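Structural overview for review
For reference, the chains in residue letters:
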Amino acid sequence: MAAMWDPLQIAVVAVSLAAAAWCAWYVVRDLRPDPRLAAPLWLVELLLVAQLVVGIVEVVRGAPDGVNVVTFIGYLVALLLVIPVGIWWAGGEPGRAGTGVLLVVLLVIPVLVVRLEQIWSPAGA
């Protein structure tokens, strides 16, 4: 992929895990999500938007042989939806359960980013 692809993926994973640590602190303290927790969530979302743009540019430039482009774009779009859906779900959960939902969302994002890389670089391609 493009030269900025790896640093962007690292940034998404790092910021997501840092935000997950913050959420874990909220869970331990039995706190509901609040506006201070929103900033790292939206930073992750902004990075995911950048990843979508870079991913689409890379597809337009030419995907490697063996890459399922529909699956790749599907993962890029799905990643964008994870945080908004998590925020919506967390808003309906009382107590620390809502923060726990956000914690799970932020831990799923790095897994999806790794899967995205696997889709882009299929074995033997």
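What counts as what
Residues numbered from 1 in each chain as written. Predicted model: local features only at pLDDT ≥ 70, side-chain atom pairs only at ≥ 80, totals over all residues. Heavy atoms only, no water. Helix = DSSP H or I, 4+ residues; strand = E, 2+ residues; numbered from the N terminus. Buried < 20%, exposed > 50% of the residue type's maximum accessible area, 1.4 Å probe, protein only. Contact = heavy atoms within 4.5 Å. Lys, Arg positive; Asp, Glu negative; His and termini not counted. Charge placed at Lys NZ, Arg CZ, Asp CG, Glu CD. UniProt positions renumbered as here; feature names shortened; annotations may be inferred. Patch = residues over 30% accessible without salt bridge, like charges linked within 9 Å, V, L, I, M, F, W, Y side chains within 5 Å. Areas by Shrake-Rupley, 256 points an atom, 1.4 Å probe, with all protein chains shown as cover. Salt bridge = Lys/Arg side-chain N within 4 Å of Asp/Glu carboxyl O. Phe/Tyr/Trp six-rings, centres within 6.5 Å; stacked < 30°, edge-to-face > 60°. Core = buried A, V, L, I, M, F, W, Y, C linked by side-chain atoms within 4.5 Å. Axes fitted to C-alpha atoms, helices over the stretch in contact; angles between N-to-C directions. Parallel < 35°, antiparallel > 145°, perpendicular 65-115°, else oblique. Left-handed = near helix turned anticlockwise from the far one by under 90°.

This brings us to the overall build of the protein chain. Counting secondary structure elements, the protein chain contains four helices and zero strands. Buried positions account for 37% of the 125 residues belonging to the protein chain. Across the protein chain, contacts joining residues at least 24 apart in sequence account for 81% of those joining residues at least 6 apart. Between the mean site of the 6 positive side-chain charges and the mean site of the 8 negative ones, the protein chain shows a separation of 11 Å.

According to UniProt, the "transmembrane region" (unreviewed entry) feature falls on residues 39-60, 72-91 and 97-116. In the segment residues 39-60, helix accounts for 100% and strand for 0%; the C-alpha atoms at its two ends are 32 Å apart. Secondary structure content for residues 97-116 is 100% helix and 0% strand, and the end C-alpha separation is 28 Å.

Taken together, the side chains of Val77, Leu81, Val85, Trp88 and Trp89 present a nonpolar region at the surface, about 590 Å² in accessible area. Topologically, Leu81 is positioned in helix H3 (residues 69-91).

Our next topic: the pattern of salt bridges. Applying the stated rule across the entire model yields three salt bridges. A salt bridge links Glu58 to Arg61, with the nearest nitrogen and oxygen atoms 3.2 Å apart. Note that Glu58 and Arg61 are positioned in helix H2 (residues 35-61) at a spacing of three residues, about one turn of the helix. Overall, the relative accessible area of 6% leaves Glu58 in the buried class.

Attention now goes to the environment of Trp88. Tracing the sequence through the fold places Trp88 in helix H3. According to the relative accessible area criterion, Trp88 is exposed, its value standing at 70%. Taking C-alpha positions, Trp88 is 36 Å from Gly62, a pair spaced 26 residues apart along the chain.

A complete count under the given rule lists two aromatic pairs for this structure. Taking 4.7 Å as the distance between ring centres and 45 degrees as the angle between the ring planes, the aromatic pair formed by Phe72 and Trp120 counts as tilted. In this pair, Phe72 sits in helix H3 while Trp120 sits in helix H4 (residues 96-120), placing the two residues 48 residues apart along the sequence. Per residue, the accessibility class of Phe72 equals that of Trp120, and both read buried.

Let us look at the nonpolar core. Counting 34 residues, the largest nonpolar core has Leu48, Phe72, Leu79, Ile83, Leu106 and Ile109 as its most contacted members. Contributing elements (two or more residues each) for this core: helix H1 (5-28), H2, H3 and H4. Looking at this core element by element, the count peaks at 11 residues for H4. Leaving out residues up to four positions away in the same chain, Leu79 has contacts with Glu45, Leu48, Gln51, Ile109, Leu112, Val113 and Leu116.

Before going further, it helps to spend a moment on the packing of H2 against H4. Taken N-terminus to C-terminus, the directions of H2 and H4 make an angle of 15 degrees; their axes are 12 Å apart at the nearest point. What the angle tells us is that H2 and H4 run roughly parallel. The handedness of the crossing between H2 and H4 comes out as left-handed. On H4, the residues that touch Leu37, Leu41, Val44, Leu48, Gln51, Glu58 and Val59 of H2 are Thr99, Leu102, Leu106, Ile109, Val113, Leu116 and Trp120.

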